[in-house]
Amino acid sequence: MPELPSVEIFKEYFDKTSLQQPITDVSVISPEILMETSITEMKESLEGHKFTESIRYGKYLFGKLNNDLFLIMHFGMTGYLHYDTKNSSKYPRLLLKFSGGNFLAFDDARKFGKLGLTRDPDEFIEKRRLGPDALEVNFEDFQEIFRNRKGMIKPLLLNQNVLAGIGNLYADEILYQSRIHPLTHADQLDDPEWEHLFKNMKNVLHKAIEHHDKIKSLPESYLLPHRYKGGKCPEGGELEIIKVGGRTTFVCSKRQKMKED
C-alpha cells in the first residue's frame, strides 16, 4: 500500500505535470471507487477547470481546482498517477485530458483506491478523524497523542487515527532504527526512547522520499532492503517474521529486544 513517502512523491509528480492546464475531458472508468460523489458531479467539477496546487496529508493527496474544490485521492494498495501524451495507463480508473492533449490517469489495478471531492480538506481530515501528519507533527504533539496509551507500539504507529501516513513497511523500519521491538507497549517506553523514535520516524520518512520510495536503493544499514523471507539482519543473524496486530512484521532480535514487564 502506498505510504506517506509514496504519496509525497505522487504530489511532486502531480505538481510537476498537471498544474495550470485546463481539463477538457473527464472519463470516470470505475465509478465504484468514487466516495460520496457521482460520475456527473466529478465531470462537472473538473471539466473546464484546472489544478492550481496540491496538498498531501498522511496517505491522502488533495488536488486544488480553480473553482475552490479539491479532488481527493487515496491510492489504496496499488494506486498511482500516470501522465503521458497519450492514454497509455494500464488500469485507468479516472482519466483526465488536458487542453494541450496530454492525459493524467489515476491508475489502480486492484481498485482499492478512492476518489472524491471536497471544499475543505481540513473538514475532510477531521471527519475521517485522522491523526497528525507523521512528517509534519512536532515532538510535543507526538508525545501528547501517545500519552497514556498502553497498546503495542507498532499497531499504534499504523493507526491512521493516531498518526497519519505510516504503513506496515515503514513502521518496521522506524522501529528497527529505533531498536524497539514491535510488541513493546507504548507505556514501556521512557522519554529518551520516545525522542529516539520521533527522530528516527522523521529520518526514515525523509530518507524514503529522497530515494523515491525505492526499497532496494535504501542504505544497506536499513531493514527494508533485507525484508524478505530468509533475509539477514544488517547487524547479523536471520530476521524473525512474526504477526503483530494481524500484520506481517520483520524483527531483528539482535537489535530489537523485548522489554521485561
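Scoring rules and cut-offs
- Residues numbered from 1 in each chain as written.
- Predicted model: local features only at pLDDT ≥ 70, side-chain atom pairs only at ≥ 80, totals over all residues.
- Heavy atoms only, no water.
- Helix = DSSP H or I, 4+ residues; strand = E, 2+ residues; numbered from the N terminus.
- Rg over C-alpha atoms; globule rule 2.2 N^0.38 Å.
- Buried < 20%, exposed > 50% of the residue type's maximum accessible area, 1.4 Å probe, protein only.
- Contact = heavy atoms within 4.5 Å.
- Areas by Shrake-Rupley, 256 points an atom, 1.4 Å probe, with all protein chains shown as cover.
- Lys, Arg positive; Asp, Glu negative; His and termini not counted.
- Charge placed at Lys NZ, Arg CZ, Asp CG, Glu CD.
- Pairing = 2+ DSSP bridges.
- Axes fitted to C-alpha atoms, helices over the stretch in contact; angles between N-to-C directions.
- Phe/Tyr/Trp six-rings, centres within 6.5 Å; stacked < 30°, edge-to-face > 60°.
- Polar contact = N/O pair within 3.5 Å; in protein donor to acceptor, adjacent residues only side chain to side chain.
- Disulfide = S-S within 2.5 Å.

(A) How the structure looks around the overall build of the chain. When you go through the chain residue by residue, the secondary structure sums to seven helices and 10 strands. The C-alpha radius of gyration computed for the chain amounts to 20 Å, which stays within 12% of the reference 18 Å derived for 261 residues, consistent with globular compactness. Referenced to the eigenvectors of the C-alpha coordinate spread, the extents of the chain come out at roughly 60 × 35 × 30 Å. Across the 261 residues in the chain, those meeting the buried criterion constitute 52%. Considering only residue pairs separated by 6 or more positions, the chain has 64% of its internal contacts joining residues 24 or more positions apart. Of the roughly 12,600 Å² that the chain leaves accessible, carbon and sulfur atoms contribute 48%. Placing the 37 positive and 39 negative side-chain charges of the chain at their respective mean positions leaves the two points 6 Å apart.

(B) Up close: the sheet that holds strand β3 (residues 60–65). In spatial order, the strands read β2-β3-β4-β8; together these four strands make up an open sheet with antiparallel pairing. With partners counted over all chains shown, the strands left at the sheet margins are β2 (51–57) and β8 (114–118), one partner each. Strand-to-strand twist of the sheet, defined as the mean angle between neighbouring strand axes without regard to direction, takes the value 20°. The sheet contact formed by β2 and β3 spans six bridges and is antiparallel. Looking at β3, one finds that Ile55 is bridged to Phe62. Sheet strands in contact with helix α1 (residues 4–17) are β2, β3 and β4 (70–74), and its direction is about 170° off that of β2. Where helix α2 (residues 39–46) meets the sheet, it contacts β2, β3, β4 and β8, and its direction lies at approximately 60° from that of β8.

(C) Just the packing of aromatic side chains, in detail. Tallied over the entire structure, the rule returns 12 aromatic pairs. Ring centres 6.1 Å apart and planes at 45° place the aromatic pair Tyr83 and Phe98 in the tilted group. Taken as a pair, Tyr83 in strand β5 (residues 79–84) and Phe98 in strand β6 (residues 92–98) lie far apart in primary sequence, 15 residues in all. By the burial criterion, Tyr83 is buried, and Phe98 matches it. Geometrically, the ring pair formed by Phe142 and Phe198 is tilted, given 5.2 Å between the ring centres and 55° between the ring planes.

(D) Spatial organisation of the side chain of Ser178. With respect to the helices and strands, Ser178 occurs in the loop between α6 (168–177) and α7 (191–210). Within polar-contact distance, the side chain of Ser178 engages the backbone oxygen of Ile174 at 2.7 Å.

(E) How the structure looks around α6. Of all the 10 residues making up α6, nine are buried; the element is thus mostly covered by neighbouring parts of the structure. Listed in full, the buried residues belonging to α6 are Asn168, Tyr170, Ala171, Asp172, Glu173, Ile174, Leu175, Tyr176 and Gln177. In the core, the buried residues of α6 are packed alongside α1, α5 (153–158), α7 and β10 (247–251). The positive-phi residue at the C-terminal boundary of α6 is Arg179, with phi of around 60°.

(F) Quick peek at unusual backbone geometry. One non-glycine residue with positive phi stands out, namely Asp68, at about 70°. You will see that His212, though not glycine, has its phi angle at about 55°, which is positive. Summarising the element assignment, His212 is placed in the loop between α7 and β9 (240–244). Judged by relative accessible area, His212 falls into the partly exposed class, the value being 49%.

(G) Seen up close, the state of the cysteines. Within the structure shown, the criterion is met by one disulfide. Each sulfur of the disulfide joining Cys233 and Cys252 lies 2.1 Å from the other. A torsion of -85° about the S-S bond marks the disulfide between Cys233 and Cys252 as left-handed. In this pair, Cys233 is assigned in the loop between α7 and β9 and Cys252 in the segment after β10, connecting sequence segments 19 residues apart.

(H) Focus on the sheet that holds β5. Taken in spatial order, the four strands of this open sheet run β1-β6-β7-β5, and their pairing is antiparallel. The sheet is open, and its two edges are formed by β1 (23–28) and β5, each paired on a single side. Taking the axes of each pair of neighbouring strands and ignoring which way they run, one obtains an average angle of 15° across the sheet. Bridge count for β5 against strand β7 (residues 103–108) is six bridges, and the pairing is antiparallel. Across the sheet, the residue bridging to Tyr83 is Leu104, located in β7. Sitting on the sheet, α1 is in contact with β5 and β7, with an inclination near 20° to β5. Docked against the sheet, α2 engages β1 and β6, running at close to 165° with respect to β1.

So, to be careful, I would describe these as geometric facts and stop short of saying anything about function.
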